Amino acid sequence: MCSTLNKRPYQKIGEQLKDQLSDGSFSVGDKLPPERDIAQRMSVSRATVRDAMIMLELDGLVEVRKGSGTYVVAIPADDHTLESNDAKNYSAESHNLSDDMGVFEMLQARQLVESHIAEFAATQVTKTDILRLEEALVQEREAIANHEDNEQGDRAFHMALANATQNSSLVDVAERLWVQRQTSQAWVVLHRRLTDIDYREKWLDEHQKILTALKRRQPKEAGLAMWQHLESVKQTLLTLSNVDDPAFDGYLFDSYSLQAN
């Protein structure tokens, strides 16, 4: 496990919650306070608490019950084993979150990076790039129509956009963010809770808006469209995966936004 100084914010919150489980603040079967309350008490964002809860879920300590809340199913013992009838699915050897980026940290990074990639791409894009972006949209649209996972088309669109910058370093950065997403156990856990897939049509429309800005060579509009798209992704994940407050509409970046001039 990495040192406290090297831990990500959500990991620090997760460790504090583990300490509360260990010191007897909660017992197996207890329902944890709502994420909003934990966020206010610990002075962190709701998204950070969500990532911390996913960490505890992956560690076999809590269970999320859609529409009900998060319940304790295991207590960390002094010897780092678990005391719970439900701990059979836990494997410390198979999971290590010390270097795993939280889902919402990942989205924050993508929002900051990809909005600028889109802005720059609008100044460099070629006809070949436009054709590749259109092909990716067709791939997404066909997957949705066939009720299939459209992640392949989604990735193809974002990577075609990065390639449109004509800058291999930016392509490498975008690729790394996608690899982090695909290898993230936290991302897999969060997506298990998404039963309503109507959001995919909305995300496709947002991709189309980005492409339109690129065709018109409008850098500011392209950057803003990408920012708004990834904001939409974040809000969808927060809302559809929420377990204790379906009306939650908070933002990860309360004091930062991208504005078109």
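From a predicted model like this one, the values you see are computed outputs, not experimental measurements.

Trainee: Please give an account of the pattern of salt bridges that cites residues and values.
Mentor: For the structure on display, the rule yields 14 salt bridges. Among the salt bridges present, the one from D59 reaches K18, with a minimum N-O distance of 2.7 Å. You can see D59 sitting in the loop between α3 (46–58) and β1 (62–65) and its partner K18 sitting in helix α1 (residues 9–22), a full 41 residues away along the chain. K18 matches D59 in its accessibility class, with the two residues each being buried. Among the salt bridges present, the one from K202 reaches E206, with a minimum N-O distance of 2.6 Å. Placement of the pair is K202 and E206 together in helix α9 (residues 199–215), with a separation of 4 residues, close to one helical turn. Judged by relative accessible area, which is 45%, K202 ranks as partly exposed. One connected set of salt bridges, linked through shared partners, spans E15, K18 and D59.

Trainee: Requested: an account of the packing of aromatic side chains, with residues and values cited.
Mentor: Applying the stated criterion across every chain yields a total of 1 aromatic pair. Ring centres 4.5 Å apart and planes at 55 degrees place the aromatic pair Y199 and W203 in the tilted group. Taken together, the residues span about one helical turn, with Y199 and W203 both in helix α9 at a distance of 4 residues. The class of Y199 is buried, set by a relative accessible area of 15%. Here the guanidinium or amino end of R110 rests over the ring plane of W178, the centre of that ring lying 4.8 Å away.

Trainee: Please provide a residue-by-residue account of helix α4 (residues 103–124), values included.
Mentor: For α4, with 22 residues, the first-to-last C-alpha span of 30 Å sits near the 32 Å given by 1.5 Å per residue. All of the buried residues in α4 are V103, F104, M106, L107, R110, Q111, E114, S115, I117, A118, A121 and A122. Elements that come into contact with the buried residues of α4 comprise α3, α6 (151–163), α7 (168–182), α8 (185–191), α9 and α10 (219–240).

Parameters and conventions
Residues numbered from 1 in each chain as written. Predicted model: local features only at pLDDT ≥ 70, side-chain atom pairs only at ≥ 80, totals over all residues. Heavy atoms only, no water. Salt bridge = Lys/Arg side-chain N within 4 Å of Asp/Glu carboxyl O. Helix = DSSP H or I, 4+ residues; strand = E, 2+ residues; numbered from the N terminus. Buried < 20%, exposed > 50% of the residue type's maximum accessible area, 1.4 Å probe, protein only. Phe/Tyr/Trp six-rings, centres within 6.5 Å; stacked < 30°, edge-to-face > 60°. Lys NZ or Arg CZ within 6 Å of the ring centre and 35° of its normal. Expected span 1.5 Å × (residues − 1). Contact = heavy atoms within 4.5 Å.

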